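Remarks on the overall topology
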Amino acid sequence: MATSPYDVAVVGAGPAGLAAAAAALAGGARVALIDAGRQPGGQYWRHRPGDLGAVADLHHDLRTFRSLVDGAAHAVKYFGHHVWTVSGSAADGFAVRSVAGDAEEEVGARSLVLAPGAYDRQVPFRSWDLPGVYTAGGAQALLKGNEVLVGRRVVVGGTGPFLLPVAAGLAARGARVVGVYEANRPAGWARHAGAVARVAAKLTEGAGYAAALARHRVPFHTRRAVVAAHGDDVVGAVTVARLDREWRVVPGSERVVECDAVAVGWGFTPQLELPLALGVATRVDADGSLVVEVDEHQRTSVPGVYVAGEACGVGGAPLAVAEGEIAGTAAAATATGTALAPVPARLRRRRRALRRFAAAMHAVHPVRDGWQTWLGDDTLVCRCEEVTAGEVRAAVDELGATDARTAKLLSRAGMGWCQGRVCGYATACLTASAPGSAPVSALDLQGVSERPIAAPISLGRLAGDAGHNGQQ
Amino acid sequence: MPTDAADVVVVGAGVVGAATAWYAARSGRSVTVVDRGSVAGGTTGAGEGNILVSDKPPGAELDLARLSSGLWRELAVEVGGFEYDAKGGLVVASTPAGFDTLVSLAASQRDTGVETVVVPAGELAEHEPHLTPSLAGGVLYPGDAQVQPMLAAARLLRAARAKGAQVRTGVEVTGFLRSGGRVTGVRTSAGDLPAGAIVNAAGTWGGEVASLAGVDVPVLPRRGFILVTEPLPRIVRHKVYAAEYVADVASDDADLQTSPVVEGTEAGTILIGASRERVGYDRTLSVRVLRALAAQAVALFPVLAGVQVIRAYRGFRPYCPDHLPVIGPDPRAPGLYHACGHEGAGIGLAAATGRLIAQLIDGEDPDLDVTPYRPERFEA
């Protein structure tokens, strides 16, 4: 690249990206802030354009949001830009290429902060492809972004603390939340009291949601899960069941619960396509997710590339903000050629405490292999390509796939529109649990997380001017 | 030979190793396949699955391709389950001069028995309705076919297992067992595997396996990218490519060459190639290459301009300096056979390669004289 118009390009304008942009600006850098959304906030602070007030009651810590938006005010914003690839190096500069409506944009920068966030992790269950079955994050996004309720009688299920704000939000806006079915037993928190007590705000947040659920008389069940959905054209009911320690259904415990919508979430999967495209080192985190290895300054193994937020390990918005601030500061120093100062003790302590909290959260909310016993051979795993659990198992048992990538290529699970974002985790687990397969490794997850084309781009757009000539 | 020895150890569980294992197991040999990775995890899993006679001028490679395309037709019945599609290839020329060259190439191919149909510009739309109208003409090759390459390898290995073969993935060959000048097995990360014959079917990594046996086989990686579109109703019926592709395949240039190759698949996606460059094992996405591929595809099929690309992948073709594969026994290391270096034609040539190697191991007369592919041909 001949010139780099920006010192720092920040991809992602959620909690981590906003904090990174604000910190990089404070460090004297020229900053580009790029996000697929039309306004800042990411999934966490999602809202309608210019209308945060209408959904303020659904949000947490809006003061932080407003101060980060102010801090990032002087960044050049590329909103509504879907990044399809990143490339380059610290020596030659980086290029972030995105598609926005009808145009392709290339942003050059000396250093990069990637804050891509995460999306709901899904495990398949019978008839989960029925209309009316939503991810917990999807249900919340509709609520925060559009003030739309996914249904009138809603079942919330899965595992993790995120189920609580989703249920509370739905109830606050008038949905009858028939029940929250948490597959784990969060009483296990007691064992992690140390980690939790250090993050009093997080604890208060949880208590607040619990109180909200009690106020709306939402029953909270533990060690129970939604194991099947029922309905002809849309979901009309679900089967919930009690689970044993390994998440196998306790025989005779199944109950049918009527509902017109289901919201399920099993933790989160970090979006790693952009970091992986640059070849950064990764590891498997405590929750089984592939995450980016970063050092004290949120530096990756690739010089000039910083990663902050969920992509370094799912840990929630406050941790993402702390990591973003550290990453933005370091990226600005690198780009402007100033010496890198030690991370301030305040941020170091905060990041450490929040990471301990996240580790405790993952320990209390694991996803156990028993979910695989809920599936029939005809249960869809990959919805885009309509690949069933039986077909994934056949790729392993009959065709000799011993890793997730091979299972994917032999069964087509994960080769459709979503490129495995929905089914990659399930396919990797189904492959790894077969006899003769190794446990899910970083390499396995990398095989289902690499997406050299990070967002669809039309051939004409990709071709550039030459493509338009071809159309004549 | 120790009593627990296999007749044949095949190094490489790609499509060439799979075909070799199948033909050897079918002729009653005990076979063990080892691969340091997974089934079809190397170049096999990164190709389009072409079985082509159209892109080869008369000579040793076309002879091999013709034998192989007949064998694949048989395998589709005997083994099956790998989306064999005899869809035919359509080669198009953009200039009258290019069309002349193409027509004379087709005439020389026809003399060797390849079926060819010259298609004047005005009739191209009957075969491919969405082609740009600005072409000078084309040649249709009804003998070109396609398989899903990973399924092909996996199904052949499964069929070989049904005949007693063993497939051991995640096992890396670290050296060779020797008795005098002869190789008598392989050392692996999971112990020694003695064998009467060892087949080097390690594809792009065939040179490294050969060097473990102390012999030189010059196989080098030649990178290629493929773009994959969203699934669509069938709008591209054949494998369609530009006449320049034939010249690119034969080029000795290390620099980037791209020529448009466009085809639909059973899954509804359209695959777009083909690029060739010698950059070692660099896995980085090259935006320049992707742009060139997209531009050429849109030039051939203007309707594709609005179609979304959802995936891109890259692979490394096992390339030999004279563009011919290495097939046959190695006189420098008796007991060792090579079946590698097929460049971009490995899927297509796999069936013939496996068959010839099995015949050579059995001491039969091979279906084809393998002299042109002999491994020692590169010795100065």
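Please read all numbers here as calculations on a predicted model, not as lab measurements.

A short note on the overall build of chain B
Check the secondary structure of chain B and you find nine helices and 18 strands. For 380 residues, the compact-globule estimate of 2.2 N^0.38 gives 21 Å, and the C-alpha radius of gyration of chain B, at 21 Å, lies within 12% of that figure. Viewed in the frame of its principal axes, chain B has a C-alpha envelope of about 65 × 40 × 40 Å. Across the 380 residues of chain B, 59% fall into the buried class. Restricting to contacts in chain B with at least 6 residues of sequence separation, those with at least 24 account for 75%.

Quick notes on the domain arrangement of chain A
Residue and element names in this part refer to chain A. Each assigned domain of chain A is listed here: domain 1 (6-118 + 269-343), domain 2 (122-266) and domain 3 (375-449). Taken together, the contact between domain 1 and domain 3 spans nine residues of the former and seven residues of the latter. Of all the secondary structure elements, the ones that give two or more residues to the side of domain 1 that touches domain 3 are helix H7 (273-277) and strand S17 (282-284). With three residues, S17 is the largest single contributor of residues to the side of domain 1 that touches domain 3. Residue composition of the side of domain 1 that touches domain 3, grouped by class: four nonpolar, three polar and two charged.

As for the UniProt feature "domain: FAD dependent oxidoreductase" (unreviewed entry) in chain B
Under the local residue numbering, the UniProt record ascribes the feature "domain: FAD dependent oxidoreductase" (unreviewed entry) to residues 7-360 of chain B. Taken end to end, residues 7-360 of chain B is 31% helix and 30% strand, and its two terminal C-alpha atoms sit 13 Å from one another.

Details of the interface of chain A and chain B
Taken together, the contacts link 31 residues of chain A with 35 residues of chain B. Of all elements in the fold, only strand S4 (82-89), helix H11 (404-411), strand S22 (457-458), helix H14 (459-463) and helix H15 (465-471) of chain A reach the threshold of two or more residues within the side of chain A that touches chain B. Here the residues of the side of chain A that touches chain B sort into 14 nonpolar, 13 polar and four charged. Relative to strand S16 (residues 308-319) of chain B, S22(A) runs antiparallel, the two sharing two bridges. Its bridge partner being in S16(B), Ser458(A) is matched across the sheet by Gln308(B).

A word on the domain arrangement of chain B
Residues and elements named next belong to chain B. Per the domain assignment, the segments making up chain B are domain 1 (6-50 + 149-218 + 322-378) and domain 2 (88-143 + 220-319). Just the C-alpha atoms count here: the centres of domain 1 and domain 2 sit 30 Å apart. The interface is formed by 16 residues belonging to domain 1 together with 18 residues belonging to domain 2. Taken together, the residues that form the side of domain 1 that touches domain 2 break down as three nonpolar, eleven polar and two charged.

Some words on the sheet that holds strand S10 (residues 176-182) of chain A
Residues and elements named next belong to chain A. As summarised here, the arrangement of the five strands in space is S8-S15-S9-S10-S11, forming an open sheet in which the pairing is parallel. In this open sheet, the two strands that pair with only one neighbour each are strand S8 (133-135) and strand S11 (220-222). Averaged over all pairs of adjacent strands, the angle between strand axes in this sheet comes to 20°, irrespective of strand direction. Pairing analysis gives three bridges linking S8 to strand S15 (residues 261-266), with the strands arranged parallel. Across the sheet, the residue bridging to Tyr134 is Ala263, located in S15. On the sheet, helix H4 (residues 163-172) packs against strand S9 (153-159), S10 and S15 and is oriented at approximately 175° with respect to S10.

Overview of the UniProt feature "domain: BFD-like [2Fe-2S]-binding" (unreviewed entry) in chain A
Feature annotation in UniProt assigns "domain: BFD-like [2Fe-2S]-binding" (unreviewed entry) to the following positions: residues 380-426 of chain A. End C-alpha atoms of residues 380-426 of chain A are separated by 11 Å, and the span's content is 43% helix alongside 11% strand.

Observations concerning the nonpolar core
In a soluble, globular protein the nonpolar side chains are often hidden away together inside. All names here are of chain A. In terms of nonpolar packing, the biggest core is built from 297 residues, with Val8, Ala9, Val10, Ala167 and Val262 touching the most fellow members. For this core, the leading source of residues is helix H8 (residues 317-336), giving twelve residues. Each residue touching Val10, except ones within four places of it in the same chain, is listed here: Gly17, Ala20, Ala21, Ala24, Val31, Ala32, Leu33, Ile34, Val113 and Ala115.

Remarks on the environment of Ala197(B)
All names here are of chain B. When you line up the elements, Ala197 lands in strand S11 (residues 191-200). Each C-alpha atom of the pair Ala197 and Val186 lies 10.0 Å from the other, and the pair is eleven residues apart in sequence. Residues in contact with Ala197, not counting those within four places in the same chain, are Asp7, Val8, Gly335, Tyr337 and Ile361.

Points about the packing of H8(A) against helix H9 (residues 345-364) of chain A
All names here are of chain A. Close contact between H8 and H9 brings their axes to 9 Å; oriented N to C, the two are set at 145°. Seen along the crossing, H8 lies across H9 with a hand that is left-handed. Of the residues in H9, those touching H8 at Pro318, Leu319, Ala322, Glu323, Glu325 and Ile326 are Leu347, Arg350, Arg351, Leu354, Arg355 and Ala358. A breakdown of the residues in the contact of H8 with H9 according to their chemical character gives seven nonpolar, no polar and five charged.

Overview of the sheet that holds strand S14 (residues 257-264) of chain B
Spatial ordering of the open sheet is given by S22(A)-S16(B)-S12(B)-S15(B)-S14(B)-S13(B)-S4(B)-S6(B)-S5(B), a layout of nine strands whose pairing is mixed. The sheet terminates laterally at S22 of chain A together with strand S5 (117-120) of chain B, the two strands that pair on one side only. Here strand S13 (residues 239-242) of chain B runs beside S14(B); their pairing, made up of three bridges, is antiparallel. Opposite Lys239(B), over in S14(B), you have Glu263(B) as the bridge partner. Packing of helix H8 (residues 287-300) of chain B onto the sheet brings it into contact with strand S12 (220-229), S13, S14, strand S15 (270-276) and S16 of chain B, and relative to S14(B) it is tilted by some 55°.

Some details on the environment of Ser108(B)
All names here are of chain B. Topologically, Ser108 is positioned in helix H3 (residues 96-111). When the 14 C-beta atoms within 10 Å are taken as the criterion, Ser108 is described as partly exposed. As a C-alpha pair, Ser108 and Pro58 span 50 residues in sequence and 6.7 Å in three-dimensional space. Leaving out residues up to four positions away in the same chain, Ser108 has contacts with Pro57 and Pro58.

A look at the pairing of strand S1 (residues 6-11) of chain A
Residue and element names in this part refer to chain A. S1 sits mainly inside the fold: six of its six residues count as buried. With five bridges connecting them, S1 and strand S6 (residues 103-114) associate as parallel partners. From the neighbouring strand, Val8 faces S6, where its bridge partner is Ser111. Handedness of the crossover is the feature at issue here: the chain leaves S1, passes through helix H1 (residues 15-26), returns alongside strand S2 (residues 31-35), and the resulting connection is right-handed.

Some points on the pairing of S13(B)
All names here are of chain B. Of the two faces of S13, the one carrying Lys239 and Tyr241 and the one carrying Val240 and Ala242 are both buried. Pairing analysis gives four bridges linking strand S4 (residues 89-93) to S13, with the strands arranged parallel. Paired with Leu90 across the two strands is Val240, which belongs to S13.

Quick look at H9(A)
Taking 1.5 Å of rise per residue, the 20 residues of H9(A) would be expected to cover 28 Å, and the 29 Å separating its terminal C-alpha atoms lies within 8% of that figure. Listed in full, the buried residues belonging to H9(A) are Arg350(A), Arg351(A), Ala353(A), Leu354(A), Phe357(A), Ala358(A), Ala360(A), Met361(A), His362(A) and Val364(A).

Some remarks on unusual backbone geometry
Cis geometry marks the peptide bond from Gly273(B) to Ala274(B); its omega dihedral reads 0°. At Gln298(A), a residue that is not glycine, the phi angle is positive and equals roughly 65°. On the basis of neighbour counts, which here come to 30 C-beta atoms within 10 Å, the residue Gln298(A) falls in the buried class. With a phi close to 60°, His323(B) is a non-glycine residue in the positive phi region. Within the secondary structure, His323(B) sits in the loop between S16 and strand S17 (326-329). Judged by C-beta crowding, with 20 C-beta atoms within 10 Å, His323(B) ranks as buried.

Re the confidence of the model for chain A
Of the residues in chain A, 93% have a pLDDT of 70 or more, and the chain-wide mean is 91. A low-confidence stretch, residues 467-472 of chain A (pLDDT under 50), is modelled with 18 contacts involving residues beyond four sequence positions or located in other chains.

Definitions and cut-offs
- Residues numbered from 1 in each chain as written.
- Chains lettered and ligands numbered in written order.
- Predicted model: local features only at pLDDT ≥ 70, side-chain atom pairs only at ≥ 80, totals over all residues.
- Helix = DSSP H or I, 4+ residues; strand = E, 2+ residues; numbered from the N terminus.
- Rg over C-alpha atoms; globule rule 2.2 N^0.38 Å.
- Buried ≥ 20, exposed ≤ 12 C-beta atoms within 10 Å, placed from the backbone.
- Contact = placed C-beta atoms within 7 Å.
- Domains from an automatic or database assignment.
- Nonpolar A, V, L, I, M, F, W, Y, C, P; charged D, E, K, R; others polar.
- UniProt positions renumbered as here; feature names shortened; annotations may be inferred.
- Pairing = 2+ DSSP bridges.
- Axes fitted to C-alpha atoms, helices over the stretch in contact; angles between N-to-C directions.
- Core = buried A, V, L, I, M, F, W, Y, C linked by C-beta atoms within 7 Å.
- Left-handed = near helix turned anticlockwise from the far one by under 90°.
- Right-handed = clockwise from strand over helix to strand, strands pointing away.
- Expected span 1.5 Å × (residues − 1).
- pLDDT = per-residue confidence, 0-100.

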